[in-house]
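# Geometric and topological summary
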Amino acid sequence: MKNKNHITISDELIVKYLAGDAGPEEAEALHDWLSIPGNEIYFREFQNTWDTTLPAEKPSMMTTEAAWEIFSRGAVKQNPPSSGFSRTSLFKIAASILIVLTCGIAGYLFFSDQPSDVLVVVTTNEHAKTVHLPDSSVVVLHRRTSISYPENFGKQIREVTFSGEGYFRVQGNPDIPFVIHTSAADVRVVGTVFNVFAGNDRLDVSVEEGKVVLVSKTDSTLLQTGQAGSTRLGDPGIDVSDFIDINNWGYATNKFSFNDAPLTEVIRQFEKAFPYRIEIQNKDIKNCKLTATFDQVSAREILNLIGETLDLTVQENDSTFRIEGKGCPWDQ
């Protein structure tokens, strides 16, 4: 089974996808393959066998014999001969899982023999910071954000641990995927541009360019340019949207685009991007809406332009701006 990108859709690849180890190109090839009638049924039966036999195990830490015993016992129980899932298919799946397990164990043993890496930790407080990673990837860390990675990052592994919010521009390297670990789920990429928000139990990813795979503990999905995905720790699935808002990472790009946006939303994005606070003189100002694009414009210039556009005045006092004026009628 091959797709247009000449990636073979095998049981081994399906196992990689379910385990969260498939790369973006492999995930895309699998998604294309699933559009062919009959393939989705096979995949769902495969996934059901995977979910019901190895639901809470960590395959990379299991022995091959233990994994075989657990999978075989569970698979036979879940898929009796009358289910339509043939015995041949059953053992093909089991063999596929064993291949992945064997590779995972070999990799674990190999890397466990290597000297432990010194971690580089970068954190931000009240100001954003641009971090240049050793592989030439760049990440802009928003306020109160943390990223850590091994000192030898980029040589054999490209994995970071992340919390907070960041705008990533990842250098392409198909041989060493870039992986972001968060408390809720992981993000796997090859080379792309995207924004990540990682809270204590939540992960939101918006893809500006390229493709990423969002991997939770129970699901994984491919996100392409213009798509956003979100999941929470403990949720069974991943929510996908075909809408992204570039203003959400204006803190990193200093680019904003508003189309008939409520002034309250404009102010929210402004306060997120800049270390200033906005005060409004009267409630009618909140009724105003703005259509404008700003590219590499300073905070003061943005507010002055908003004032001119909406016939408002802006007063500055240290790190606070006060917007005054008549405002706008409710039915603007």
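First things first, this report covers the structure right here in the doc. (Residues numbered from 1 in each chain as written. Predicted model: local features only at pLDDT ≥ 70, side-chain atom pairs only at ≥ 80, totals over all residues. Heavy atoms only, no water.)

## Considering the pattern of salt bridges
As a reminder of what qualifies: Basic side-chain nitrogens of Lys or Arg form a salt bridge, by our definition, when they fall within 4 Å of a carboxyl oxygen of Asp or Glu. Only DSSP runs of H or I reaching four residues or more are called helices, and only runs of E reaching two or more are called strands; each is numbered from the N terminus. Burial here depends on accessible area, computed with a 1.4 Å probe over protein chains only, as a share of the maximum for the residue type. Under 20% is buried, over 50% is exposed, and the range in between is partly exposed.
By the definition in use, this model includes 10 salt bridges. R144 is paired through a salt bridge with E126; the nearest N and O atoms lie 2.9 Å apart. On the criterion of sequence distance, the pair formed by R144 in the loop between β3 (138–141) and β4 (146–150) and E126 in the loop between β1 (119–123) and β2 (129–132) is long-range, its members being 18 residues apart. Residue E126 is classed as partly exposed on the basis of its relative accessible area, which comes to 45%. Between R300 and E316 there is a salt bridge, and its shortest N-O distance comes to 2.8 Å. Here R300 is found in helix α8 (residues 299–310), whereas its partner E316 is found in strand β17 (residues 313–317), with 16 residues between them in sequence.

## Things to note about the environment of V266
Secondary-structure assignment places V266 in helix α7 (residues 263–273). A sequence separation of 24 residues divides V266 from L290, and the C-alpha atoms of the two residues are 7.8 Å apart.

## Here we look at α8
Here is the rule: Helix span is expected to be 1.5 Å times the residue number reduced by one. When we speak of the arc, we mean the arc of directions from the helix axis to the C-beta atoms.
With 12 residues, α8 extends 17 Å from end C-alpha to end C-alpha; this agrees with the ideal 16 Å at 1.5 Å per step. Residues of α8 that are buried include every one of A299, I302, L303, I306, G307 and L310, and no others. Around the axis of α8, the buried residues are gathered within 135° of arc, so they sit on the same side. With respect to the buried face of α8, the exposed residues turned more than 90 degrees away are E308 and T309. Downstream of α8 by a residue or two, D311 has a phi angle that is positive, lying close to 60°.

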